[in-house]
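What the coordinates show
What follows is each chain in one-letter form.
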Amino acid sequence: MGGERQHYYGKHGTPQKYDPTFKGPIYHRGCTDIICCVFLLLAIVGYVAVGIIAWTHGDPRKVIYPTDSRGEFCGQKGTKNANKPYLFYFNIVKCASPLVLLEFQCPTPQICVEKCPDRYLTYLNAHRSQDFEYYKQFCVPGFQTNKGVAEVLRDGDCPAVLIPSKPLARRCFPAIHAHKGVLMVGNETTYEDGHGSRKNITELVEGAKKANGVLEARQLAMRIFEDYTVSWYWIVIGLVIAMLLSLLFIVLLRFLAGVMVWVMVTMLILVLGYGIFHCYMEYMRLRGEAGSDISLVDLGFQTDLRVYLHLRQTWMAFMIILSILEAVIILLLIFLRKRILIAIALIKEASRAVGYVMCSLLYPLVTFFLLCLCIAYWASTAVFLSTSNEAVYKIFDDGTCQFAGKTCNPETFASSNESRLCPGAHCQFAFYGGESGYHRALLGLQIFNAFMFFWLANFVLALGQVTLAGAFASYYWALHKPDDLPAFPLFSAFGRALRYHTGSLAFGALILAIVQIIRVMLEYLDQRLKAAENKFAKFLMTCLKCCFWCLEKFIRFLNRNAYIMIAIYGTNFCTSARNAFFLLMRNIIRVAVLDKVTDFLFLLGKLLIVGSVGILAFFFFTHRIRIVQDTAPPLNYYWVPILTVIVGSYLIAHGFFSVYGMCVDTLFLCFCEDLERNDGSQERPYFMSPELRDILLKGSAEEGKRAEVEE
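In the annotation of an unreviewed UniProt entry, the protein is listed under the name Choline transporter-like protein and assigned to Ursus maritimus. Regarding the protein, the relevant UniProt record gives this comment under Function (unreviewed entry): "Choline transporter."

Written out as structure tokens, the structure is:
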């Protein structure tokens, strides 16, 4: 056995030896990975330069405001269209043309208007009546009334027909509705074209439906945005409730760790059980209702997701998923019951450590603030880069004009040769682009922007991990707790991390950022190759995506433990990563027993908080309960605020539990070091608490006996 043990240690490094001078995190240390620190500073300087260039050339108004055929913004203050916030299409049917998908612009004149048309009216009828003044506001600016009807329609000065429309995303779309099973626009079923012949409105409706189909995603986004505008107040209240529940859970965990863990497990099982019961009741309620037996495959994708809740198959799918999740959790609890007891002891020790370093619970706010800065800078730079193009005008023609699609100048187009050869052509705004070197480099700048975002975001997370690890390691290596605990351990760890280990943190974050940007590129290539029928290419792409996903997970795990070693010993990143990896490999059984079980328990805690807040949000936004005298606002999709509350609650709970997770990982790594350095004698006492020593050493002895029996 001695030879086997020596051979095992030889494969996985040399265990730490007893050092009487070692008292925890080393205070006298030097700077590590200076080259990476210099690279990070240079990259930040370049990132700031890219931001300045983008802010100089970009114009976010191109995203916020719609643009008419002359490239002018609608509804923007300080312009002649300040009081005209809506974009009106002369012929919405032409928006169904394939040209829209190629040029992202409808081949029909577009103008800014104060409000969308609210009545059905043709130019031929309006020209002869008192409605002409109303009609003229939908003609091109500077319209002259001395032209004949045919000339006006030929030159595209006015639309041939006005139909009742509603604004959506600051654009006027036909107000389509059903009346006695017939699709109608307004109250009309027919309309007159520009030549006075009367046609069925179905043609216009079908064209409008196709045009709306092109913008279906935009409509869905705008409806979701409307839901946010009327429900944000209640969403914030839901997130505050999640924060209070998380804080209460952490405080109770400090004093009642064992009881809270089992309460958490029981409550989660009950929450999932109620979910199964609710799905079953909805499934039975829909029995016999017309259309409830339609399958999800036959229904297909619908933008109004509420439709799916009227299908029995939807509730059956929910019930099956929740049942499987319930069964898996119960089986894991049965087979891991002894290991859960060991994990509870580690959580109790972590609770004591957090209790002595209470300010650590507030550190996720610092990480959140820094991440918000990174996200805000990345998003604003991306918007400015994407809007730093110039307006490009092209020739649009309904016929077979040979110049269609070529660039033009709207100021001189009327007197140009193209206008004479193609009388029906129009020179109008097509898109934003450019041919300069800066415009050709925009894609590279966007990639650099995304890469720097990943690098800085990972650096912020690494800084938080090293800071918390340094604070909790100070607690563990204090022989007489809490008397030997240094003053302000969290601030001391934060200062050491920034002063000495910025380069090491940048190194670890850089490796992770490279893998992440490669994954983004693979996703982009996968989207581009979806239309291809090459099965080998699809298989290769799937394998690459899977491999890099696994690589990212492994690097995250390795970085996390390397940062703990950096916080304790002050070594560089590579040395810390190697030592952490070998230490874990020398204690692989304990890693499997404790680390994953505690992660599982923390996951149950997150699910309990998220499930409780999610159920409350579901009952409130579906008008099943009322808070005081207020009720939920009317919504297009009630799942929008519910999902937002659920995701936000998970992130909030994750922020609080991440402190505990980092504490458990740090204490576990310190525990493994403690076992190798010391033997529990008077000369070499253990630094772990007596409670932790009793249960962990007992669990380790049981695992060792079990391994010997298996051999």
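So much for the structure itself; the text now carries on.
With that settled, consider the overall build of the protein. A tally of helices and strands in the protein yields 24 helices and 12 strands. Within the protein, the proportion of its 711 residues that are buried is 45%. Considering only contacts within the protein whose residues lie at least 6 apart along the sequence, 72% involve residues at least 24 apart. A total of about 36900 Å² of accessible surface is found on the protein, and carbon and sulfur atoms cover 64% of it.

Okay, the state of the cysteines next. Inspection of every chain in the model, using the stated rule, returns three disulfides. A sulfur-sulfur distance of 1.9 Å marks the disulfide that ties Cys74 to Cys112. Between Cys74 and Cys112, the S-S torsion sits near -75 degrees, and that sign places the bridge as left-handed. Of the two residues, Cys74 sits in the loop between helix H3 (61–64) and strand S1 (86–89) while Cys112 sits in strand S2 (residues 110–113), which places them 38 residues apart along the sequence. For the pair formed by Cys74 and Cys112, the shared burial category is buried. Bridging Cys116 to Cys172, the disulfide has an S-S length of 2.0 Å. Between Cys116 and Cys172, the S-S dihedral sits near -85 degrees, and the bridge is therefore left-handed. In this pair, Cys116 is assigned in the loop between S2 and strand S3 (121–122) and Cys172 in strand S6 (residues 171–174), connecting sequence segments 56 residues apart. Each of the two residues, Cys116 as well as Cys172, counts as buried. Just so you know, Cys663 is unpaired, no disulfide at all, and the nearest cysteine sulfur is the one on Cys670, 9.5 Å from it. Residue Cys663 is classed as buried on the basis of its relative accessible area, which comes to 0%.

Let's shift gears to the pattern of salt bridges. Counted by the stated rule, this structure contains nine salt bridges. The salt bridge partner of Arg285 is Glu282, with a shortest N-O separation of 2.7 Å. In this pair, Arg285 and Glu282 both sit in helix H10 (residues 257–285), three residues apart, roughly one turn of the helix. In this structure Arg285 comes out as partly exposed when scored by relative accessible area, which is 47%. Of the charged contacts in the structure, one is a salt bridge between Glu349 and Arg352, with a shortest N-O distance of 2.7 Å. You can see Glu349 and its partner Arg352 sitting in helix H13 (residues 337–356), three residues apart, about one turn around the helix. Accessibility expressed as a relative area gives 1% for Glu349, which makes it buried. Three or more residues joined by partner-sharing salt bridges are found here, namely Arg519, Glu552 and Arg556.

Next up on the list: a nonpolar patch on the surface. Where nonpolar side chains cluster on the molecular surface, the patch consists of Leu245, Leu247, Leu248, Val251, Leu252, Phe255, Leu256, Val259, Val263, Met267 and Leu270 and spans about 930 Å² of accessible area. Elements that contribute at least two residues to the nonpolar patch include exactly helix H9 (216–255) and H10. Top element by residues in the nonpolar patch is H9. It accounts for six residues. Counting through the fold element by element, Leu245 comes out in helix H9.

With that out of the way, let us pick up the packing of aromatic side chains. A complete count under the given rule lists 27 aromatic pairs for this structure. Their ring planes at 65 degrees and their centres at 6.0 Å tell us that Tyr123 and Phe132 sit as a pair that is edge-to-face. The buried category is assigned to Tyr123, whose relative accessible area is 1%. Using a relative accessible area of 12% as the deciding quantity, one classes Phe132 as buried. Here Trp315 and Phe318 contribute two aromatic rings whose centre-to-centre distance is 5.8 Å and whose plane-to-plane angle is 80 degrees, an arrangement assigned as edge-to-face. In this pair, Trp315 and Phe318 both sit in helix H12 (residues 312–335), three residues apart, roughly one turn of the helix. Accessibility expressed as a relative area gives 7% for Trp315, which makes it buried. Relative accessible area serves as the criterion here: at 37%, Phe318 is assigned to the partly exposed category. These aromatic residues form a ring-pair network of at least three members: Tyr47, Trp55, Tyr377, Phe384 and Phe448. Over the face of the ring belonging to Tyr134 we find Arg119, whose NZ or CZ atom lies 3.8 Å from the ring centre.

Even without being a glycine, Asp33 presents a positive backbone phi close to 50 degrees. Its location among the elements puts Asp33 in the loop between helix H1 (2–11) and helix H2 (34–57).

Before going further, it helps to spend a moment on helix H14 (residues 363–386). Over its 24 residues, H14 extends 35 Å from the first C-alpha to the last, a length consistent with the 34 Å expected when each residue adds 1.5 Å. Of the positions making up H14, those classed as buried are Tyr363, Thr367, Cys374, Tyr377, Thr381, Ala382, Phe384 and Leu385.

Take the pairing of S6 next. Burial along S6 is two-sided: Arg171 and Phe173 facing one way and Cys172 and Pro174 facing the other are all buried. Direction of pairing for strand S5 (residues 165–168) relative to S6: antiparallel, over a ladder of four bridges. If you follow Ser165 over to S6, its bridge partner there is Pro174. Between S5 and S6, which pair antiparallel one after the other, the connecting turn spans two residues, and Ala169 there sits at a positive phi close to 55 degrees.

Definitions and cut-offs
- Residues numbered from 1 in each chain as written.
- Predicted model: local features only at pLDDT ≥ 70, side-chain atom pairs only at ≥ 80, totals over all residues.
- Heavy atoms only, no water.
- UniProt positions renumbered as here; feature names shortened; annotations may be inferred.
- Helix = DSSP H or I, 4+ residues; strand = E, 2+ residues; numbered from the N terminus.
- Buried < 20%, exposed > 50% of the residue type's maximum accessible area, 1.4 Å probe, protein only.
- Contact = heavy atoms within 4.5 Å.
- Areas by Shrake-Rupley, 256 points an atom, 1.4 Å probe, with all protein chains shown as cover.
- Disulfide = S-S within 2.5 Å.
- Salt bridge = Lys/Arg side-chain N within 4 Å of Asp/Glu carboxyl O.
- Patch = residues over 30% accessible without salt bridge, like charges linked within 9 Å, V, L, I, M, F, W, Y side chains within 5 Å.
- Phe/Tyr/Trp six-rings, centres within 6.5 Å; stacked < 30°, edge-to-face > 60°.
- Lys NZ or Arg CZ within 6 Å of the ring centre and 35° of its normal.
- Expected span 1.5 Å × (residues − 1).
- Pairing = 2+ DSSP bridges.

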